[in-house]
Amino acid sequence: MNPSRTFLTLLSLSLLLLPLRGQEGEDKQGDETKIKKLSEWPTLSATDKDRVFALATQFKKDDPKLHDAARQQLIAMGAGAVPFLFQRVSDRAENENKQLFEVFDALIESKHGALLAREVKKPVVELRRYLSQRMARFADPELLPTLTPLRKDKDEITAFHAALGCLALGDGDALGQVMSYSKTHWLEQVDLIAAVLPHARSAENGNLVFAAITKAPAADQMAGLRLARYLAIDDHKVILRTYLDSPDHAVKKEAVNVCRVLHGEPPLEKLDVFQSIKLANEWKAKL
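Each chain carries its own residue numbering, running from 1 in the direction its sequence is written. Totals for whole chains, interfaces and linings use every residue, but because this is a predicted model, local features are given only for residues with pLDDT of at least 70 and side-chain atom pairs only at 80 or more, for both listing and counting. Just so you know, side-chain values use all the structure's heavy atoms and leave hydrogens and water out.

A few words on the overall build of the protein chain. Strands here are runs of E lasting at least two residues and helices are runs of H or I lasting at least four, both read from the DSSP assignment and numbered beginning at the N terminus. Each helix and strand counted, the protein chain has 17 helices and zero strands in total. Each of the 287 residues in the protein chain was classed as buried or not, and the buried ones make up 51%. Sequence-distant contacts, at least 24 apart, represent 68% of the contacts inside the protein chain between residues at least 6 apart. Accessible surface is estimated by sampling points in the Shrake-Rupley manner with a 1.4 Å probe; for residues, cover comes only from the protein chains shown. Carbon and sulfur atoms make up 54% of the accessible area of the protein chain, which totals about 14100 Å². Three labels apply to residues, based on accessible area from a 1.4 Å probe with only protein chains included: buried if under 20% of the type maximum, exposed if over 50%, partly exposed otherwise in between. Any two residues having at least one pair of non-hydrogen atoms within 4.5 Å are treated as being in contact.

See the structure below:
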């Protein structure tokens, strides 16, 4: 069997049969734009501003109970505390970032996307990393003009987050960057990828990733199939037969995982050679 010829034949069929299957992801993005966006953070009184900084200093102490109490009180104050807490994010070895990010996670919503976009040029790397991954999670088309140039950020992780966000919004030019970085940082980024990329699941984006790997080296096919878990649709299952037959263990394993995810099953990150062969044969019988 010629894998390239088989793929191109199947891809042509899928393009003919599935021109509109990306509508579900587009509808989700359309829903996102209906959210009332904020152009300013909620205001705090002078007293509350002082209280924000006083509570944040509790994160410098060693007592976890003080951390918990400060976090709960800051969250109760609302999103108006966020811009003041941004100032405390640091690249120093000793920092309060973990505690601050937990507060941000509780307070920042998609309606704050434009406000985050104002902060992404700040010199603090840890802040840019946090902001870029949050914006990627929002999958908000209005943030694409911010995420696109951020793909060239001098910090590799921030640039990856931005590329992931662009890909989730349908920018196919970001696919290569996401594949390249995730190939060597998969376990660090899989949770974020699994949360972000399903926004772009469609016939078009599934075709894009399969086209990118059809003649690629095994390592790139592996990386592409990992992304296909979250970009492919059911109609791509027939294409997976080629990769289930791959002599390369990593490729075979990732083809199995695409099948599993498309059938509503969790992926298996650890599969030995014999397990991969067994599961690949089982999936070929089901497809």
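Salt-bridge detection follows one rule: a side-chain nitrogen of Lys or Arg within 4 Å of a carboxyl oxygen of Asp or Glu. On inspection of all chains with the given rule, the structure shows 23 salt bridges. Salt-bridge contacts for Arg71 lead to Asp68; the nearest nitrogen and oxygen are separated by 2.8 Å. With Arg71 and Asp68 both in helix α4 (residues 64-77), this residue pair falls three residues apart, about one helical turn. Note that Glu254 is salt-bridged to Lys253, the shortest N-O span being 3.8 Å. Linked through salt bridges whose partners overlap, the residues forming this network are Arg226, Arg229, Lys253, Glu254 and Glu269.

Here we come to the packing of aromatic side chains. A pair of aromatic rings is counted whenever rings of Phe, Tyr or Trp (Trp by its six-membered ring) have centres within 6.5 Å, and the orientation is called stacked for planes under 30 degrees apart, edge-to-face for over 60 and tilted otherwise. A complete count under the given rule lists eight aromatic pairs for this structure. Each ring, one from Phe86 and one from Phe104, has its centre 5.0 Å from the other, and the planes form 70°; the classification is edge-to-face. In this pair, Phe86 sits in helix α5 (residues 82-86) while Phe104 sits in helix α6 (residues 97-107), placing the two residues 18 residues apart along the sequence. The two residues Phe86 and Phe104 agree in class, both being buried. With a centroid separation of 4.7 Å and 15° between ring planes, the pair formed by Phe101 and Tyr130 is classed as stacked. Of this pair, Phe101 sits in helix α6 while Tyr130 is found in helix α8 (residues 125-138), placing the two residues 29 residues apart along the sequence.

To continue, consider unusual backbone geometry. Despite not being glycine, Ala139 shows a phi value in the positive range, around 50°. By secondary structure assignment, the location of Ala139 is in the loop between α8 and α9 (144-150).

This part is about the nonpolar core. In this structure, Leu85, Phe86, Phe104, Ile108, Phe210, Leu225 and Leu227 are the most contacted members of the largest nonpolar core, which totals 81 residues. A per-element tally of this core places helix α10 (residues 156-168) first, with seven residues. Other than its neighbours up to four places away in sequence, Leu225 contacts Phe210, Ile213, Leu240, Tyr243, Val251, Glu254, Ala255 and Val258. Buried residues of nine kinds, namely Ala, Val, Leu, Ile, Met, Phe, Trp, Tyr and Cys, make up a nonpolar core once their side-chain atoms join them within 4.5 Å.

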